[in-house]
Amino acid sequence: MNTADYRPHHSSHHSSNHSASHPARKTGADTGRRAKAPVVERIAGWSVRHRVAVVIGWLVLVVAAFMAGQKLGVANTNAYDPGQAGQAERVLNEPGVQQPASESVLIKARSAAGTFASDPQLRQAAQQVVTALRGLPGAAADIRSPLTTPGLTSGNAALVTFNVAGNPGNDDQAVVPALNAVAAVQAKYPGLTVAEAGGASVDRATGAQASQDFRKAEVTSVPVSLGLLLLAFGALIAAGIPLLLAGTCVISAISLLAVLSRLVPISSTTSSIVLLVGMAVGIDYSLFYLRRVREERTAGATTAEALRTAARTSGRAIVAAGLTVIACMAGLFVTGFQVFYGVALGTIAVVGIAVLGSLTFLPALLALLGTATDRARVPFLGRRQATARPSRLWRAVVTAVTRRPLVLGGLAAAALLALAVPLLSLHLEDPGIDSLPASVPVVRTLDAIQAAFPGGPAPAEVVVTGNGLSGPQFGHALTALNGAVAASHGALREPVTTAALAGGRVMVVSVPLAGSASDATSNSALITLRDHVLPATIGKVPGISYAVGGQTASSLDVNHQLGVTAPLVFALVALLAFVLLLITFRSLAIPALSILLNLLSVGAAFGLMTLVFQHGLGHGLLGFTPYGGIVPWLPLFMFVLLFGLSMDYHVFILSRIAELRGRGASPRAAVIDGISSSAGVVTSAAAIMVAVFSIFATLGEIEFQLFGVTMAAAVLIDATIVRGVLLPAGLSLLGDRAWRAPGRRGRARAAGPAGAALERQVAPGPVRPMTQH
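Residues numbered from 1 in each chain as written. Predicted model: local features only at pLDDT ≥ 70, side-chain atom pairs only at ≥ 80, totals over all residues. Heavy atoms only, no water.

Colleague: Help me understand the overall build of the protein chain, please; the structure alone is not making it clear to me.
Modeller: Scanning the protein chain for helices and strands turns up 28 helices and 9 strands. Classification of the 773 residues of the protein chain by burial places 54% in the buried group. Residue pairs at least 24 apart in sequence account for 79% of intrachain contacts in the protein chain once pairs closer than 6 positions are excluded. (Helix = DSSP H or I, 4+ residues; strand = E, 2+ residues; numbered from the N terminus. Buried < 20%, exposed > 50% of the residue type's maximum accessible area, 1.4 Å probe, protein only. Contact = heavy atoms within 4.5 Å.)

This is the structure we're talking about:
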């Protein structure tokens, strides 16, 4: 194809007719008009004129980012909880203070008959475990045997305990020889249970599960996406283009995590979320662009003209949608949760790269391929799919809705509100070991240890630092603390134990709490300890400071921080989305309607999340064990992400409607034609996003399952009920008022880049029939 004359201008597709009607097109006045061409169109024009350099340069940059990321590696930076629990974690993770992980080996008879004292096989197995561990000084230290230490036997079960030797930061690797030694003893005694569990083995199992989940998502998402893209485009080359853009964006962003990890904590979950979001937005943006190019070519435009129109319309929509996602994700930085920072930066990076690729690499690649994008067609499907046509189904649905917007819109809104009702019972709680599937050996071992050696909840840990820990005042304070615990009427339990760390510079005072560690009783006991007991005892010792950590403290502090910052995040995200949509469409009603519909769809998806993962509806089908709560950080993160991603569809659809309004269509005709003409690309994009999110519902960790199910449900609701019923109903009820610019009382005009700009750009050219859109 000849693209040497690609210049950003404001003609319609049939530039020859436009020139004939307006012979002054190449005058100085027109030069001024060209200078006002949209930035996205000028960027796309430059990329098309230098298409070979742009395509090669993009691929070279991706390879360079990948190699740099591999060389740097992701730094291991801890993320700490907010509040006192986070302060305690920081102290305990300081060099010289950090303690080795403790491990327990369970030796248990499979029959309930007999005891450890009366079963010689149990005692022999225990002795062999102890002997094997003593032969591994680089893996095990401080070994305690049930044969010599009281309290390590219970009925037909016994425990061998030890600490993992070596650097505490590398305990998940250092524990491997011990795990192998225990497995060897188990092989010698098939009639017994000989299994190990503890902090290091749980860390190792969690890391292995996360790696396995990431590989599964990586391997599964590509063929699933390719299959759906083949159905959408009917041609192998066209289907491969979105995957190429999405894949290069994901590779680049994940590689950049190596740099970002030097600035913020990057968890094992971050790469999986970047993969998921990158595949979703990369494919979405490519679909928007490529389908518009196909649509324009079907209408008779050349590839160069089609690329101009796609840049001016879909390109603008992509920029608006991408900036909205980025702005929404930026809201996570005000939460105070360090765990959000890496995920937010990774998501912002992959979305920003996808937008940049859509403006440069994508038009350059399409210019390079020309009509070859429609080659390698799928038999019986390719010819039909190569021609972009409005959807008859969605035209019929939207037509019916616009005739009775109040009734049908009200029914749809009522259904989503009913689905959101379970959200009122939302309970945030960290899953702990329940995060892993019950089939993981270390989970079964921990459950068996808890059953054989039942104990109370993890105690509150008062981490004390300062210079007076060995003085008499601190000793008197500990005595007073014991007295206060005894007088707490059961809220605080005995015994209170102490452990000196780092040569006496740090003291950990463990105070058992009433309750189950995560219920109201435990929270009340913790508040009593923090607000009354400690200030009256340890808090009176000069020269020391303390922070209360532990499981209960961590959960309470996280929930408190969420309660304080979540409303701020919601308001900030809604405000940023409103401002961006206001700038994009120059209307007050459009952003208000979009935000309201987003809240409805997110609320319905969160209600379903609560019903499934907290109350356990259908948990057998998904293969997880409900623990009565929702992972604390996920709802806030998903709200922000969904609020941004749902704008993809809203901006794209609203841009098409505004474009038709700018061409003179009535409000009702613009809604019907805009939604039906964009139905193909929106349905394809939503189907791919739902499929990719659903892959995460099949993974092992409950965080991924919760994320996948909720996101898939939200996208499905947004692409069907919201797009097909609520949006056209709302626009029909608003009529011309939907597109009225702020402060204007006269007749509304099309707003935003697809409206006000198109009034200038499209009006002089010929208007094609609406059915071709």
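Colleague: Mind showing me how you'd approach helix 16 (residues 392–403) here?
Modeller: Residues that lie three or four places apart on an α-helix share one face, since the helix turns once every 3.6 residues. Spanning 12 residues, helix 16 covers 17 Å between terminal C-alpha atoms, matching the ideal 16 Å at 1.5 Å per step. Trp394, Val398, Thr399, Val401 and Thr402 are the residues of helix 16 that are buried. Along the axis of helix 16, the buried residues cluster in a sector spanning 165°; they form a single face. Facing away from the buried surface of helix 16 by more than 90 degrees, the exposed residues are Arg392, Leu393 and Arg403. Against the buried residues of helix 16 lie helix 17 (405–420), helix 25 (667–677), helix 26 (679–697) and helix 27 (702–734). (Expected span 1.5 Å × (residues − 1). Arc of directions from axis to C-beta.)

Colleague: Honestly, the sheet that holds strand 9 (residues 544–549) in this entry has me stumped. Any pointers?
Modeller: Each strand in a sheet pairs with its neighbour through backbone hydrogen bonds, running either in the same direction (parallel) or in the opposite one (antiparallel). The 4 strands are arranged 7-8-6-9 in an open sheet whose pairing can be described as antiparallel. Every interior strand has two partners, whereas the edge strands, strand 7 (497–501) and strand 9, have only one. In this sheet, neighbouring strand axes are inclined to one another by 20° on average, regardless of whether the strands run parallel or antiparallel. Here strand 7 pairs with strand 8 (residues 506–511) via 5 bridges, running antiparallel. Its bridge partner lying in strand 8, Thr497 is registered against Ser510. (Pairing = 2+ DSSP bridges. Axes fitted to C-alpha atoms, helices over the stretch in contact; angles between N-to-C directions.)

Colleague: What should I look at first to understand the nonpolar core in this one?
Modeller: Taken as a class, soluble globular proteins show a tendency for nonpolar side chains to be buried jointly. Grouped together as the largest cluster of nonpolar side chains are 153 residues, with contacts concentrated most on Tyr285, Tyr289, Phe637 and Phe707. For this core, the leading source of residues is helix 24 (residues 633–662), giving 20 residues. For Tyr289, the residues in contact, after removing those within four places along its chain, are Ala44, Leu307, Ala310, Ala311, Ser314, Gly315, Ile318, Ser358, Leu362, Pro363 and Leu366. (Core = buried A, V, L, I, M, F, W, Y, C linked by side-chain atoms within 4.5 Å.)

Colleague: Hey, could you run me through the packing of helix 17 against helix 22 (residues 589–614) in this one?
Modeller: Taken N-terminus to C-terminus, the directions of helix 17 and helix 22 make an angle of 40°; their axes are 7 Å apart at the nearest point. If you check the angle between helix 17 and helix 22, you find them oblique. Crossing angle aside, the handedness with which helix 17 passes helix 22 is left-handed. Together, Ala413, Leu416, Leu417, Leu419 and Ala420 of helix 17 and Leu600, Gly603, Ala604, Gly607 and Leu608 of helix 22 make up the contact between the two elements. (Parallel < 35°, antiparallel > 145°, perpendicular 65-115°, else oblique. Left-handed = near helix turned anticlockwise from the far one by under 90°.)

Colleague: Looking at this structure, I do not really get the environment of Lys216. What am I missing?
Modeller: Position of Lys216 relative to the elements: it lies in helix 9 (residues 199–233). Those residues in contact with Lys216 that sit more than four places away from it in its chain are Thr698 and Leu699.

Colleague: Looking at this model, I keep getting lost on the pattern of salt bridges. Mind explaining?
Modeller: Where charged atoms of side chains with opposite charge meet at close range, the side chains can pair. All told, the structure shown has 8 salt bridges when counted by the stated rule. A salt bridge links Arg656 to Glu659, with the shortest nitrogen-to-oxygen separation between them at 3.8 Å. Of this pair, Arg656 and Glu659 both sit in helix 24, 3 residues apart, roughly one helical turn. Grouping residues by exposure puts Arg656 and Glu659 together as buried. With its nearest N and O atoms 3.1 Å apart, the salt bridge here joins Arg661 to Asp736. Separated by 75 residues along the polypeptide, Arg661 in helix 24 and Asp736 in the loop between helix 27 and helix 28 (756–761) bring together distant segments of the chain. When salt bridges that share partners are traced, they join Arg292, Glu295, Glu296, Arg656, Glu659 and Arg663 into one network. (Salt bridge = Lys/Arg side-chain N within 4 Å of Asp/Glu carboxyl O.)

Colleague: Teacher, can you tell me more about the side chain of Ser594 here?
Modeller: As for its placement among the helices and strands, Ser594 is situated in helix 22. Sequence-distant contacts of Ser594, that is, excluding residues within four places in its chain, are made with Leu581, Met647, His650 and Leu654.

Colleague: Sorry, what's going on with the packing of helix 17 against helix 27 here?
Modeller: Between two packed helices, both the angle of their axes relative to each other and the distance between the axes serve to describe the pair. Two numbers describe how helix 17 lies on helix 27: the axes approach to 9 Å, and their chain directions differ by 140°. The angle between helix 17 and helix 27 falls in the class oblique. In this structure, helix 17 crosses over helix 27, and the sense of that crossing is left-handed. Of helix 27, the residues touching helix 17 (which contributes Pro405, Leu406, Leu408, Gly409, Ala412, Ala413, Leu416 and Leu419) are Ile717, Ile721, Val722, Val725, Leu726, Ala729, Ser732 and Leu733. Residues belonging to the contact of helix 17 with helix 27 are distributed by class as follows: 14 nonpolar, 2 polar and no charged. (Nonpolar A, V, L, I, M, F, W, Y, C, P; charged D, E, K, R; others polar.)

Colleague: Help me out: how do you make sense of a nonpolar patch on the surface in this one?
Modeller: A cluster of nonpolar side chains, Val52, Ile56, Val60 and Leu368, forms an exposed patch at the surface whose accessible area comes to about 350 Å². Looking at which element gives the most residues to the nonpolar patch, the answer is helix 4 (residues 51–72), with 3 residues. Within the secondary structure, Leu368 is located in helix 14 (residues 361–369). Judged by its relative accessible area of 42%, Leu368 is partly exposed. (Patch = residues over 30% accessible without salt bridge, like charges linked within 9 Å, V, L, I, M, F, W, Y side chains within 5 Å. Areas by Shrake-Rupley, 256 points an atom, 1.4 Å probe, with all protein chains shown as cover.)

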